[in-house]
Every structure is written in C-alpha cells, then in structure tokens.
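Structural overview for review
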Amino acid sequence: MIGEHFPVLIPVSLLVGAVVSVPLGLWRGSLSRLVALLATGFSVVAAGVGLRHVLRAGEMRYSLGGWPPPIGIEYVADPLALFVVLVVTGVGFAVTVYSKRSLERESPQNHVPFNAVALLFLAGLSGMVMTGDLFNLYVFLEIASLAAYALVAAGEKRAPVAAFRYLVLGTVGASCYLLGVGFLYLATGSLNMADVRAILPLLPHYRLPFIALCLMVIGLGLKMALFPLHVWLPDAYTYASSVGSAYLAPVGTKVAAYALMRVWFGVFGPVAYALPIGAMLVVASVAGILVGSIMAMAQNDLKRMLAYSSVAQVGYIGLGIGLASPLGFIGAVLHILNHAVMKATLFLVSGALAYRFGTTSILPMDDRLRRAMPWTSAAFAVAALSMIGLPPTAGFFSKWYLALACLKAESWPLVAVIALSSLLNAVYFFRVLERMYLRKASAEEGIPGPPASNPGEAPPSMLIPILILGLGVLLIGLANAWIVEKVIKLAIPSGL
Amino acid sequence: METYGSWVPVWAVACSLAASGMILASSRRPNLREFWTLSAAGVKFALILTLVPEALAHRVAEARLFAIAPGIDLTLRADPLGVFFALVSSALWIVTSCYSVGYMRGLSEHKQTRYFACFAVCLSSTVGIAFAANLLTFVIFYEMLTIATYPLVIHKETPEAVSAGRKYLAYTLTAGVVLLVATAWTYELTGTLEFRPGGFLGSETAPAATCVWLFVLFMSGAAVKSALMPLHGWLPTAMIAPTPVSALLHAVAVVKAGVFAVIRIVGFVFGPATLSALGLQTYLACLAGLTMILASVLAFHQDNLKRRLAYSTIGHLSYIVLGAALLTPASLAGSLLHLASHATMKITLFFCAGALHVQLHKEKISELDGVARQMPWTMGAFAVASLGLAGLPPLNGFVSKWYLGLGALQAAQPLAFALFLLAGLLSAGYFLPILYRAFCRAPQPEAEPSQTPHQEGDSGHDASAWITFPLLITAALSLILGLFPNLLFHFWSLAHLVSDSILNGGSP
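Read on for an overview of the structure. (Residues numbered from 1 in each chain as written. Chains lettered and ligands numbered in written order. Predicted model: local features only at pLDDT ≥ 70, side-chain atom pairs only at ≥ 80, totals over all residues.)

Examining the packing of helix H13 (residues 326–357) of chain A against helix H15 (residues 374–388) of chain A
Helices that pack against each other are described as a pair by the angle of their axes relative to one another and the distance between those axes. All names here are of chain A. Packing of H13 against H15 leaves a shortest axis separation of 9 Å and a crossing angle of 145 degrees. For H13 against H15, the interelement crossing comes out left-handed. On H15, the residues touching Met342, Thr345, Leu346, Val349 and Ala352 of H13 are Thr376, Ala379, Phe380, Ala383, Ser386 and Met387. (Axes fitted to C-alpha atoms, helices over the stretch in contact; angles between N-to-C directions. Helix = DSSP H or I, 4+ residues; strand = E, 2+ residues; numbered from the N terminus. Left-handed = near helix turned anticlockwise from the far one by under 90°. Contact = placed C-beta atoms within 7 Å.)

What follows is the structure, given as structure tokens:
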C-alpha cells in the first residue's frame with residue numbers, strides 16, 4: 001500500500017511537515033524542530049529504501065490522484081531521481097540536526113517559521129526531482145525558490161536586499177522556464193515529460209520546441225547560478241544566516257542542474273542535438289569555473305569565498321552536462337553528491353565559527369581557532385582537500401571522471417581548465433588553512449576569543465553533523481566506484 | 001613472474017597509517033607516542049623483509065582491495081622494483097625515527113605529535129607508491145605523500161617556513177595535476193593502467209605524437225619530485241624543514257618517490273621498445289646529464305650545509321634518472337643501486353648536519369673549522385658518506401657508479417660515461433673542502449666568544465646516542481653495502497631482477 005504511493009511520499013511528507021510545524025511550533029516552540037527532524041529523517045529513510053528498491057526492481061511511476069498521464073501529474077522514481085533526492089534529504093537532515101543551536105544564536109525569535117520554510121524548501125526540491133511533469137516541476141521550482149528567498153531574507157542586516165535581488169532574478173529565471181513550458185505545450189499539447197519526449201520526434205518542425213528549450217535552459221541556468229547568471233548567488237549565500245546558507249548552498253543549485261539534465265536529456269534527447277546547447281553550457285561553465293575561482297581568492301569573508309567557490313563548482317556540473325557524454329554525465333551526477341557533501345561541511349564549519357567567534361572573516365583567523373576547535377578544523381581541512389581534488393577524497397574522483405570525459409571529447413582546453421581550477425582551489429583554500437593552522441595568535445589584531453564560559457568546540461548537535469559529513473567526504477571518495485557502478489551508470493539517459 | 005594473493009603489502013602500508021592514529025591519540029605521553037613510531041617502523045620493515053625472498057623467487061605478492069574507479073582496482077603488488085624501494089625507505093625509517101626522537105627532544109621542538117604522525121603517514125604513502133600496481137593507485141599515494149609532507153616542511157611555522165611550504169605545494173600540486181591528466185589520458189587510450197614490465201603503452205595503442213605528449217606530461221609530473229632541472233626549485237627551499245625531515249623525505253622518500261616514478265614510467269608504462277622507437281630517452285638523458293653537472297656546480301656556491309646537500313641531492317638524483325634513461329641492463333641495475341646507495345649516504349650526511357645543528361648550532365660550512373675534534377664520530381661518518389658520494393671504493397657509491405658507468409658503455413654513450421666521471425669529481429670537489437675544514441683546520445679561535453665555559457664543555461663531544469648511533473649505522477651500511485652489495489637485503493639481486501624484467505618484458 002505504502003510502496004505503491006511511495007514516489008510521492010517524500011515531497012508530501014516534507015510539505016505536511018512544513019504545514020504542521022507552524023501551529024505545533026506556535027503552541028510549543030520545540031515541537032517545530034521535532035517535526036522538522038521527523039519529516040527530514042523520514043524522507044532520508046524513504047529515499048534510501050526507495051533507491052534500494054528501484055535499483056532492484058526498476059523504476060516506479062505514480063499517477064497523482066489516480067489520473068493517468070498524460071492528463072494527470074506523474075511522479076517518477078528512477079535511480080537518478082532517488083539518488084538526487086537522497087542527497088537533498090540527507091544534507092537537509094544533517095543541517096536540520098545542526099540548526100538548533102545556530103538558530104538560537106543567530107535568529108532566536110523566528111526559528112518556528114524558519115523550520116517551516118526550510119521544510120518547504122526541501123519539499124520543493126524533492127518535488128522538482130521526483131516529478132515527471134513539466135508544469136509540476138515549475139510549481140515545485142517556485143515553492144523551493146520562494147522558500148529560498150525567505151531563507152535568505154532571514155539572515156543578517158543586509159540579507160533583505162540580497163534576498164530581493166535573488167527574488168527578482170530568480171523570478172526572471174522561473175518565468176523563462178515557464179515560458180518555455182508554454183511554448184512546448186503549444187507545440188506538443190502535453191506537459192508530461194515522457195509524453196512530450198514521445199511526441200517531439202513526430203513534429204514537422206522544431207521551431208517552437210527549440211525556443212522552449214532555449215528559454216528553459218536559460219531559466220534553469222539562472223537557478224543553478226551558471227555563469228554569467230550567477231550574480232544573485234554570492235550576496236544571497238553570504239548574508240543568509242549560517243543555517244540558511246547551509247540549506248541553500250549544498251543542494252539548491254544542484255537540483256536546478258538536475259532539472260536541466262531532465263529537460264535536455266530526458267525530454268528533448270536526440271531532438272535537441274541540432275542546437276549547440278552543449279557547447280554553450282561548456283563555455284559558460286568554463287567561464288564560471290575560472291571566474292568563480294579567481295573571485296573566491298579575492299574574498300575576505302569565508303562564507304563569501306565559499307559562495308564564489310560554489311559558482312565554480314556548479315561550473316564542474318555544467319561542464320559534465322554540457323559534454324553530453326556518459327562520462328560527463330557520471331562526473332556531473334557524482335559531483336552533485338560530492339559537492340553537496342563538501343559544501344555542506346564547509347558551510348556548517350563556517351556556521352560553527354560564527355557560533356563560537358561571532359565572525360566568519362578570514363583575515364583575523366589564527367591558530368586559536370584550530371586550538372579551540374580541533375575537530376571542526378580537521379573537518380574543514382578534509383573538505384578543503386576534497387574541493388582541491390586530492391585523493392582519496394571525493395573531489396578527486398569528480399575530477400577524474402570529468403577529465404576522462406574531456407579527454408574522450410578530445411577537448412584539450414577543457415582538460416587544462418580542470419587542472420588549473422584544481423590549483424586555483426588550492427590557492428584559496430590553503431589561504432584559509434594556513435591561517436587556521438599556522439598563524440600565531442596575536443592579541444591586537446586577532447579574532448575576539450571564544451567567550452570564557454564555553455571555550456572549545458561547538459555543541460555536539462552542531463559538531464556531529466560536521467564530523468559525519470566530513471567523514472562522508474572521505475568515504476564517498478573510497479566508495480565512488482561502487483556508487484558509479486551501482487547507481488549512476490544505471491541512470492545514464494538512453495540518448496547519450 | 002607468478003602472482004599470488006597476499007595481504008602483506010596492505011599491512012605494510014597500513015601499519016604506519018594506524019600508527020599515525022595512535023600517535024595522535026597519545027600526544028600527551030611522549031614515550032608511548034615514540035613507542036608507536038618505533039614499533040610501526042620495525043613492523044613495517046619486517047613485513048617488507050618477508051617479501052624479499054618471494055620477489056627473488058619470482059613470486060609477486062598482490063592484494064586487490066576494491067574498485068577505486070570503475071575498471072580500476074586499488075591494487076598493491078610487491079614486485080621486485082616495489083620491494084626494492086619499500087625496503088630502502090622502511091629500513092631508513094627505523095634509523096630516522098631514532099634520530100628524530102633525539103633531534104626533536106634535543107631541540108625541544110614544538111608540535112612533535114603532528115611531526116611524528118605526519119612522518120608515519122608519509123611512510124605509508126611511500127610504501128604505497130612502491131607497491132602501487134597501477135597508475136591510479138600510484139597517483140593516489142603520490143598525492144597523499146605531497147599532502148602529508150606539507151606539515152613537515154612548514155614545521156617551524158616561521159614566515160620563511162610557510163613560504164617554503166607554499167613553494168613546495170605550488171610545485172608538487174601542479175605536478176600531481178599533470179600526472180593525473182597523463183593518467184586519465186593513458187586510461188582513455190589503452191583502457192588499462194596496470195604496470196607491466198616492458199611497458200603497456202606503445203605504437204599499437206597510441207599514435208607516436210600522443211606518446212611523446214604523454215611522455216612529456218608524465219615526466220613533468222615525476223620530475224618535480226625527482227628535482228630534475230628546471231623543476232628543482234622547491235627542494236633547496238624546503239631545506240628549512242627540521243633536519244630529519246630533510247634527511248628522510250628530501251633525501252629518501254619524496255625525491256626518491258620522484259625517481260621511482262621515473263623508473264616506473266620508463267620501465268613499466270612506456271617500456272624500452274617504445275622509448276627507443278621514439279628516441280625519447282635521449283631527451284630525458286640530456287636533461288638528466290645537464291642537471292647532474294649544473295646542480296653539482298651550484299653546490300659549490302652554497303655556504304649553508306643543508307643547501308649544499310640539497311644541490312648534491314639534485315645532482316645525484318639525476319644519476320638515477322640518467323641510468324634509467326640509458327636503458328641497458330647495467331645502467332638500470334646501477335640506477336636502482338644508486339637509489340639505495342644515495343639514500344644511505346645522503347641520510348648520513350643530513351644526520352651529521354643535524355647533529356652539528358643540535359650540538360654546536362652550526363649550519364654554515366664556513367663555521368666548520370676543526371669540528372672533527374669536537375665531534376669525531378659524527379664527522380667520521382660524514383667523511384665516509386661524502387667520499388661514498390664521490391664514488392670512492394669500497395663504499396656503495398662506488399658500486400652503483402660502476403654499474404652506471406658500465407651501462408653508459410653498454411649503451412655506447414661515452415658522453416654519458418664522461419658525465420658520470422665528471423659529476424663524481426665535482427662531488428668530490430664540493431665535499432672535500434668541508435672535510436678539509438673539519439679535519440685539518442684548527443678551530444676558529446674566536447668561535448662563539450659569548451658562550452659560557454659550561455656550554456663549551458657541553459658541546460665538546462658528539463651528540464646524544466639517539467642522534468649519533470643512527471648516523472653511524474647508516475655510515476656503516478654504506479660501507480657494508482659497498483663491500484657486499486648483496487648482503488642483508490639482496491639489493492644487488494633485486495636490482496638485476498628488475499633490469500632483466502624491464503628489458504625482457506617480464507620473462508625471466
């Protein structure tokens with residue numbers, strides 16, 4: 001019974017959680033957090049069990065309300081969707097566990113709405129991933145986006161401006177996508193992804209679908225912060241609260257990338273190969289990788305540096321998608337996982353620093369930080385090494401598959417870009433690591449020390465998610481072959 | 001060569017990795033901490049020693065762990081070349097550990113726990129490099145070595161040390177990325193990364209131009225760690241590290257991992273047939289010959305003892321590379337033998353430099369007048385090792401140089417032969433003045449007038465036994481291995497086994 005409804009279960013449980021958590025939270029403050037934990041925890045388990053099931057028994061389709069597609073809305077639980085949902089909910093769960101103490105410090109009054117909005121955000125993302133309907137994808141995209149604007153706006157003093165900018169640009173992106181869906185509907189008369197895919201090759205000409213595809217790529221490109229559509233991202237991630245950016249950064253942009261894959265590979269497939277979408281994505285990604293990395297070097301705030309690094313890392317994913325080859329796909333999907341885990345670790349660490357020291361500025365960092373928080377620093381170091389792409393961490397293997405994909409495509413400049421970006425990452429991460437580990441504490445210019453009452457590591461509810469994610473960076477690296485063979489290879493779209 | 005499954009190579013890598021965890025856990029109890037280091041060193045050496053008879057009997061221990069990327073297993077294989085390198089590095093880790101204890105305590109250095117833990121990780125990576133059975137496994141351990149060495153290079157945490165660390169990372173990380181690209185390209189072309197004696201990359205798998213590019217990429221990846229000019233810049237700078245680090249890492253593990261990479265790539269990736277068909281080894285030989293002479297000349301200019309040793313290292317590493325590039329039975333064997341002989345001799349020299357630093361706080365050659373009277377054992381060992389590096393019989397430097405020279409003649413390359421001789425003379429040229437100062441000159445009369453009589457009396461003898469014994473042992477090893485190259489470790493037989501396997505494509 002449950003099994004049959006399973007594909008819709010994850011978004012629904014998160015949505016229900018979001019709705020329920022507000023009245024319960026207003027009645028008893030701590031209940032909202034409990035609901036958030038239950039909802040995210042449940043969805044992680046559901047995603048894990050579902051992935052296992054789907055890998056054994058093949059994909060599952062679910063018609064919402066009993067209306068068969070193409071009339072009704074369809075949910076598709078295939079290996080790729082469940083894999084991405086597992087990443088989203090897994091990171092979401094870790095951040096939810098982490099959020100309590102950080103929220104108490106940074107926004108003590110509004111943790112009830114914050115939890116609800118975070119659940120809404122995760123519900124939107126998982127809905128985007130699971131749906132098999134183009135318009136329904138738009139709906140969930142807007143749910144996730146509106147929640148994301150709220151998450152940003154709940155940050156520090158400058159956050160509302162950043163959120164407004166994000167809102168304006170994000171709405172442009174969403175509208176582009178919606179326009180694209182409209183054009184596609186005009187051409188095919190259907191909104192169901194599988195149905196549209198079946199109809200497209202039968203059309204006499206592709207003028208409308210091509211316009212639709214271009215609009216959708218631009219819209220989703222904006223949502224995934226593909227260069228040069230990334231301008232909303234740095235401010236949004238910097239000024240959001242620590243927890244807010246820890247929700248947004250690891251998974252927010254990735255799901256848009258996933259949607260891009262779904263639309264381009266899954267809906268259009270071979271039809272779209274007449275358009276130079278791939279080449280365009282590759283160029284934009286390369287520019288993003290280089291510009292993002294260089295800008296990251298110039299930042300003096302840890303969160304802002306990580307935000308620019310996200311622009312660069314989204315470039316890796318865009319590059320893998322743009323190459324439109326099996327290896328590129330593997331690289332992109334694996335990097336969705338890898339980057340989610342690494343970036344989550346890094347943002348959570350920056351949140352822990354903010355919690356203990358009240359600042360995330362890089363310049364005053366010194367070795368007091370490492371002495372006060374040895375485990376947090378170690379997790380940061382592991383995640384940073386992974387961002388640089390050193391074995392045996394996860395980041396190395398993203399680089400490996402992407403390099404193989406570029407070599408297969410015989411595009412030498414891309415190989416050089418991947419090599420170079422790894423060195424650029426080394427520059428800006430070692431800049432932080434050097435301060436964290438080697439700079440002697442000096443009284444006058446150092447960071448204000450930890451309050452004498454509670455020196456040392458962040459509380460366990462913050463530290464444990466950091467450590468688990470940091471360990472995950474290592475384990476994913478070692479198990480990457482397993483993940484690729486058992487999951488990602490099964491998800492490679494048929495057209496590639 | 002027959003292969004049999006065995007976990008010994010895995011334990012050999014894992015034991016020091018486990019030890020690094022134990023070291024970190026026992027940071028508050030220095031004696032326990034040092035116990036972990038020393039016992040891991042002993043266990044590791046014993047494990048590798050058990051692999052020697054097997055390798056000599058043409059039996060290769062192999063451990064396939066798990067798939068690290070689709071189609072590529074994380075595999076450790078104790079083939080003769082791997083056993084050779086692992087044996088050298090693990091044997092010297094034991095003496096270096098003893099020496100480190102004496103040195104670090106003698107100077108009451110800070111952060112000794114980090115130091116010993118990183119050292120253990122370095123040794124794991126080095127043995128992993130030695131036993132790596134395919135290129136990806138190799139690259140993984142090669143990069144691990146880079147990262148594990150960084151905290152040792154910046155150990156002093158002074159601004160100079162930090163900037164030396166940056167330079168070190170800039171060189172080695174770039175090399176790692178280049179090596180990764182070359183590896184990925186090789187995989188893309190051949191679908192395999194498994195090392196094979198005699199090589200697996202040839203005209204049948206890749207066009208000639210591609211092979212040339214790959215060779216350039218591989219060599220620039222390996223040349224940084226093997227300090228081939230013009231990529232040697234990091235090595236003298238990294239001498240800022242504590243002396244045991246310079247000793248083991250910059251004379252044994254890191255740079256030797258570089259030349260080991262050269263031998264692996266020359267012998268087991270490309271193979272003699274491909275290289276001579278494309279004439280690539282000539283370029284490598286030219287570069288190595290040039291480095292050999294230039295580095296030796298530059299060594300004359302250094303007044304800082306460790307820097308002179310660093311340039312001498314650069315020169316001697318090129319002996320090994322040149323030997324590998326000549327691709328004859330004797331030159332390959334000589335190249336490997338020199339890997340071992342240079343290791344024992346150079347580690348002795350660094351140990352002596354460290355002893356001088358601990359005991360007399362002298363780092364410059366110009367201050368060494370008459371130190372042999374104060375530290376006779378230390379300077380005796382120094383004399384043995386430096387004469388060995390100059391290639392004097394009956395030291396092991398002579399044996400390896402003999403085979404290298406023989407190899408040059410086998411290859412009908414009189415120029416290479418002349419270069420070996422010239423480099424030997426230059427080595428003598430930059431070491432003998434040190435010996436002359438130490439043994440024949442009177443101590444500088446106004447030497448350190450500020451010192452109190454008590455301190456003078458204190459420093460008028462060799463350093464503590466923890467420091468002096470290791471350097472005597474390595475000096476004695478240099479002598480013993482010169483007289484009986486096959487004694488104890490079967491270096492001679494292993495070296496010839498390797499050169500046979502490379503030149504005959506694996507068939508004995």
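Now that the structure has been shown, we can carry on.
Considerations on the environment of Val16 of chain A
Residues and elements named next belong to chain A. Here Val16 is to be found in helix H1 (residues 2–27). Given 14 C-beta atoms within 10 Å, Val16 falls into the partly exposed group. Through-space distance from the C-alpha of Val16 to that of Phe265 is 32 Å; in sequence the pair is 249 residues apart. (Buried ≥ 20, exposed ≤ 12 C-beta atoms within 10 Å, placed from the backbone.)

Side note on the interface of chain B and chain A
Taken together, the contact pairs 23 residues of chain B with 22 residues of chain A. Contributions of two or more residues to the side of chain B that touches chain A are made by strand S2 (59–69), helix H5 (135–153) and helix H6 (159–190) of chain B. The dominant element in the side of chain B that touches chain A, judged by the number of residues it contributes, is H6 of chain B, at 12 residues. Here the residues of the side of chain B that touches chain A sort into 19 nonpolar, one polar and three charged. (Nonpolar A, V, L, I, M, F, W, Y, C, P; charged D, E, K, R; others polar.)

Things to note about the sheet that holds strand S1 (residues 2–5) of chain B
Residues and elements named next belong to chain B. One open sheet accounts for three strands, arranged S1-S2-S3; its pairing is mixed. Strands with a single pairing partner mark the edges of an open sheet, and in this sheet they are S1 and strand S3 (72–78). Taken pair by pair, the neighbouring strands of this sheet meet at an average axis angle of 40 degrees, ignoring direction. Bridging between S2 and S3 involves six bridges; their strand directions are antiparallel. (Pairing = 2+ DSSP bridges.)

Things to note about helix H9 (residues 243–278) of chain B
Residue and element names in this part refer to chain B. For H9, which comprises 36 residues, the first-to-last C-alpha distance of 42 Å sits more than 12% below the rise-based estimate of 52 Å (1.5 Å per residue). Remark: the principal bend of H9, roughly 90 degrees, maps to Phe270, with a proline, Pro272, within the next four residues. The element H9 is extensively covered by neighbouring structure, given that 31 of its 36 residues are classed as buried. Immediately downstream of H9, the backbone of Gly279 shows phi near 70 degrees, a positive value. (Expected span 1.5 Å × (residues − 1). Bend = angle between axes of the 7 residues up to and from the residue.)

Points about the pairing of S2 of chain B
Residue and element names in this part refer to chain B. Taken together, the four bridges between S1 and S2 define a ladder with parallel strand orientation. Note on S2: the bridge partner recorded for Tyr4 is Ala61. From the end of S2 to the start of S3, which pair antiparallel, there are two residues, and Gly71 there has a positive phi angle of about 85 degrees.

Some words on the environment of Leu294 of chain B
Secondary-structure assignment places Leu294 of chain B in helix H10 (residues 280–300). Residues Leu294 of chain B and Gly315 of chain B, spaced 21 residues apart in sequence, show a C-alpha to C-alpha distance of 7.7 Å.

Describing unusual backbone geometry
Following Pro391 of chain A, the chain continues to Pro392 of chain A via a peptide bond in cis, the omega torsion being 0 degrees. The amide bond that connects Met229 of chain B to the next residue, Pro230 of chain B, takes the cis arrangement and shows omega of 5 degrees. Topologically, Pro230 of chain B is positioned in the loop between helix H7 (208–225) and helix H8 (234–237). In this structure, Glu410 of chain A is a non-glycine residue whose phi angle is positive, near 55 degrees.

Observations concerning the packing of helix H16 (residues 394–408) of chain A against helix H17 (residues 412–438) of chain A
Residue and element names in this part refer to chain A. Closest axis-to-axis distance for the H16/H17 pair is 8 Å, and the angle between their directions is 160 degrees. The orientation of H16 with respect to H17, classified from their angle, is roughly antiparallel. Counting all contacts with H16, which are made through Lys399, Leu402, Ala403, Cys406 and Leu407, the residues of H17 involved are Leu414, Val415, Ile418 and Ser422. Looking at the contact of H16 with H17 residue by residue, the classes come out as seven nonpolar, one polar and one charged. (Parallel < 35°, antiparallel > 145°, perpendicular 65-115°, else oblique.)

Considerations on helix H12 (residues 302–323) of chain A
Taking 1.5 Å of rise per residue, the 22 residues of H12 of chain A would be expected to cover 32 Å, and the 32 Å separating its terminal C-alpha atoms lies within 8% of that figure. At the exit of H12 of chain A stands Ala324 of chain A, carrying a positive phi of roughly 50 degrees.

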